Amino acid sequence: MKRLRANAFILALIFIITLFAGCNQPSAPSPTPKSSPGTSMQPTSSPAQSPGATGEDVKTTASIVNTPEAFEKAISKDGTWIICLLDDLKIDKELTLEGEFTNGKKDDKGNDVIQRKIALYTQDENRNITERFTLTVPKLTIKSPNASIQHGTVKGDIYVDVNNFQLIDTTVEGNVYFTNESHKSTFSMDDKSKITGVQEVKK
């Protein structure tokens, strides 16, 4: 009986020592999420709305960019319908906004709404504009239908090769050229927008 009690005591002591040692082991640090360079998805601080975030076609998603490389990819025919800047960008080569994109919405007839948007701003959760950015580029050609540039500044010339291009609350420090009269006649800009140079057809 005494031997059984001694064995039980020893086992209990070993258990207590083991338990105490385990509780004092240093915990492993939590992994830090990494973001891809040039692209940062921050839906609460940008105007990007991503209707296709759960699996719709890439042509209805959004890109939030802060590098020239990410911007150039986003405006390509393989890019996204809305391109949102997080900072001023300066790009030293001619660029083209191209490809036909839809914004994930339907019109009154149930057809996909075609739209392309370069957003030069960020906004808060109530859609109040918090920051405006400047895109500097020697020449930006617009080939995407129903495209717009909104709430910022473009330093450089814009060449419009499509109908229904819009400037919304945007200053163009340069010229806006149109490749034909139809592109010029369907162009529109609101009262907050300004073009410092000429607006003319240039084939």
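Residues numbered from 1 in each chain as written. Predicted model: local features only at pLDDT ≥ 70, side-chain atom pairs only at ≥ 80, totals over all residues. Heavy atoms only, no water.

1. A few points about the environment of isoleucine 75
Item 1. Relative to the helices and strands, isoleucine 75 is located in the loop between α2 (68–74) and β2 (82–85).
Item 2. Take isoleucine 75: its relative accessible area is 1%, and that puts it in the buried class.
Item 3. Each C-alpha atom, one on isoleucine 75 and one on lysine 117, is 9.4 Å from the other, the two residues being 42 residues apart in sequence. (Helix = DSSP H or I, 4+ residues; strand = E, 2+ residues; numbered from the N terminus. Buried < 20%, exposed > 50% of the residue type's maximum accessible area, 1.4 Å probe, protein only.)

2. Some points on the environment of valine 65
Item 1. Mapped onto the secondary structure, valine 65 falls in strand β1 (residues 62–65).
Item 2. Between the C-alpha atoms of valine 65 and cysteine 84, which are 19 residues apart in sequence, the distance is 6.1 Å.

3. So, the confidence of the model for the protein
Item 1. For the protein, the average pLDDT comes to 80, and 70% of its residues sit at 70 or higher.
Item 2. This stretch, residues 11–44, has a pLDDT under 50; its non-local contacts, to residues over four places away or in other chains, come to 17 contacts.
Item 3. Below pLDDT 50 for its whole length, residues 49–58 participates in 16 contacts with residues either more than four positions away or in separate chains. (pLDDT = per-residue confidence, 0-100. Contact = heavy atoms within 4.5 Å.)

4. Observations concerning the sheet that holds strand β13 (residues 166–168)
Item 1. Taking strand neighbours across the sheet as the criterion, the six strands line up as β1-β2-β7-β11-β13-β16 in an open arrangement whose pairing is parallel. A single partner strand is all that each edge strand has here, and the edge strands are β1 and β16 (188–189).
Item 2. Pairing analysis gives four bridges linking strand β7 (residues 116–119) to strand β11 (residues 147–150), with the strands arranged parallel. Residue pairing across strands places isoleucine 118 opposite isoleucine 149, the latter belonging to β11. (Pairing = 2+ DSSP bridges.)

5. Description of the pattern of salt bridges
Item 1. A full pass over the atoms with the stated rule returns five salt bridges.
Item 2. The partner of lysine 106 in a salt bridge is aspartate 112, and the shortest N-O contact between them spans 2.6 Å.
Item 3. For aspartate 112, a relative accessible area of 45% gives the class partly exposed. (Salt bridge = Lys/Arg side-chain N within 4 Å of Asp/Glu carboxyl O.)

6. Details of unusual backbone geometry
The phi angle of most residues is negative, glycine excepted, and most peptide bonds adopt the trans form.
Item 1. Non-glycine residue histidine 151 carries a positive phi angle of around 60°.
Item 2. With respect to the helices and strands, histidine 151 occurs in the loop between β11 and β12 (153–160).
Item 3. For aspartate 169, which is not glycine, the phi dihedral falls at a positive 50°.
Item 4. Its place among the elements puts aspartate 169 in the loop between β13 and β14 (171–173).

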